[in-house]
Amino acid sequence: MLTITNNAGGGQPVSMASIRATAEVYHEFGIPFFIDACRYAENSYFIKLREEGYGTKTTLEIAQETFSYADGCTMSAKKDALVNIGGFLCLNDDALFQFARQELILREGFPTYGGLAGRDLEAIARGLWEGLDEDYLAYRLGQTAYLAGRLAEAGIPCVQPAGGHAVYADARAFLPHIPQPQFPGWALSVEMYVEGGVRAVELGSVAFATQEKDGRWRYPELELLRMAIPRRVYTQTHLDRVAETFGTLRERKDSIGGYRMTYQPPFLRHFTAEFEPL
Ligand SMILES: Cc1ncc(COP(=O)(O)O)c(C=O)c1O
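**Student:** Please give an account of the side chain of R231 that cites residues and values.
**Tutor:** Tracing the sequence through the fold places R231 in the loop between β9 (224–228) and α10 (236–251). With relative accessibility at 15%, the residue R231 sits in the buried group. Within the structure, the side chain of R231 is placed 3.2 Å from the side chain of E42, a separation counted as a polar contact.

Dropping the structure here:
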């Protein structure tokens, strides 16, 4: 499965050349190629803006080419389908589709239910079109670029250029005195909330550190704080407040301490882990 855009690494887009090449490798080895398509519209617009040969194509044409390489996709519709909840699975393989549908009927209900009310399904159907609107996408990518620019001006290290849905601050660079085993990204997310009511998420050692067979921990290169921007919610003034909160934290950053994890589940620990400040 290929996730477009890359949520774990700065929200960066995936080029059409990469999508095509990845699909070829999968198919060479007889493996079905799936796309995690939840940000397909942002990815399509990035391709239009940045990739040679796509400048005159519509985002719809680019999305259609993207999906033409795939055997199926999953979609969390609360991203680029612009709805509050819901999602879907698409499959080109009829046999696999019949199998998945059978499972669905057993466990959840008919595919047309989607686990959702009919009005929510209709909202998804419309949102898939609206999400491709280029004026909306220009505004959307403009917001992340604006916030990343404000942070850069203030000397806050972050991934540049900004991705489509979020700005990713570099917590390791911002809090170099907190070693990775004490979770600098987590510490920064707590301080953002305490200082400014800004909710962000760590994508660093809590999410991605792995334990070796001998028990030692291997830490990821990047220790990021993801500030995802909900679609069609915030104004520029909200983004200014986020930048100002960072400014206030910078004044007292040496006093920010790390964390100790007091509980972790066996899988996906970043969803439910518990911590205490050191
Ligand atoms: C790339 C990606 N795929 C899948 C999901 C899962 O979405 P959901 O929580 O709607 O299942 C998310 C988001 O949270 C995501 O960012």
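**Student:** Explain helix α4 (residues 94–107) residue by residue, including any values.
**Tutor:** An ideal rise of 1.5 Å per residue puts 20 Å on 14 residues; α4 measures up with 20 Å between its terminal C-alpha atoms. One side-chain oxygen of the residue at the start of α4 lies 2.9 Å from the amide nitrogen of A95, identifying that residue as D93. Where α4 terminates, the next one or two residues include G109, which has phi positive at roughly 150 degrees.

**Student:** So what about the environment of I85? Which residues, and what values?
**Tutor:** Residue position: I85 is located in the loop between β3 (72–76) and β4 (87–91). For I85, a relative accessible area of 44% translates into the label partly exposed. For the pair formed by I85 and I124, sequence separation is 39 residues and the distance between their alpha carbons is 8.8 Å. Contacts of I85, omitting those with residues within four sequence positions, involve K78, L116 and I124.

**Student:** Any details on the environment of A152? Residues and values, ideally.
**Tutor:** Here A152 lies in helix α6 (residues 134–153). Each C-alpha atom, one on A152 and one on I256, is 21 Å from the other, the two residues being 104 residues apart in sequence.

**Student:** Any chance you could break down the site of the ligand for me, citing the residues and the numbers?
**Tutor:** Close to the ligand lie T3, N7, D36, C38, R39, S76, K78 and K79. Here a nitrogen atom of the ligand sits 2.6 Å away from a polar atom, N or O, in the side chain of D36. In the complex, 57% of the free accessible area of the ligand, which totals 400 Å², lies under the protein chains. Of the residues contributing to the shell around the ligand, the split by class is 1 nonpolar, 3 polar and 4 charged.

**Student:** Describe the sheet that holds β9, listing the residues and the values that go with them.
**Tutor:** Across a sheet, strands are paired by hydrogen bonds formed along the backbone, either parallel or antiparallel in direction. Taken in spatial order, the 3 strands line up as β5-β9-β6 in an open sheet, and their pairing is antiparallel. Edge positions in the sheet fall to β5 (166–170) and β6 (201–203), since each of these pairs with one other strand and no more. Here the average twist between neighbouring strands, direction ignored, is 35 degrees. Across the sheet, α6 is in contact with β5 and β9; its angle to β5 comes to roughly 25 degrees. Most of the contacts of helix α8 (residues 184–196) go to β9, to which it runs at about 40 degrees, and overall it touches β6 and β9.

Conventions used here
Residues numbered from 1 in each chain as written. Predicted model: local features only at pLDDT ≥ 70, side-chain atom pairs only at ≥ 80, totals over all residues. Heavy atoms only, no water. Helix = DSSP H or I, 4+ residues; strand = E, 2+ residues; numbered from the N terminus. Buried < 20%, exposed > 50% of the residue type's maximum accessible area, 1.4 Å probe, protein only. Polar contact = N/O pair within 3.5 Å; in protein donor to acceptor, adjacent residues only side chain to side chain. Expected span 1.5 Å × (residues − 1). Contact = heavy atoms within 4.5 Å. Near = heavy atom within 4 Å. Areas by Shrake-Rupley, 256 points an atom, 1.4 Å probe, with all protein chains shown as cover. Nonpolar A, V, L, I, M, F, W, Y, C, P; charged D, E, K, R; others polar. Pairing = 2+ DSSP bridges. Axes fitted to C-alpha atoms, helices over the stretch in contact; angles between N-to-C directions.

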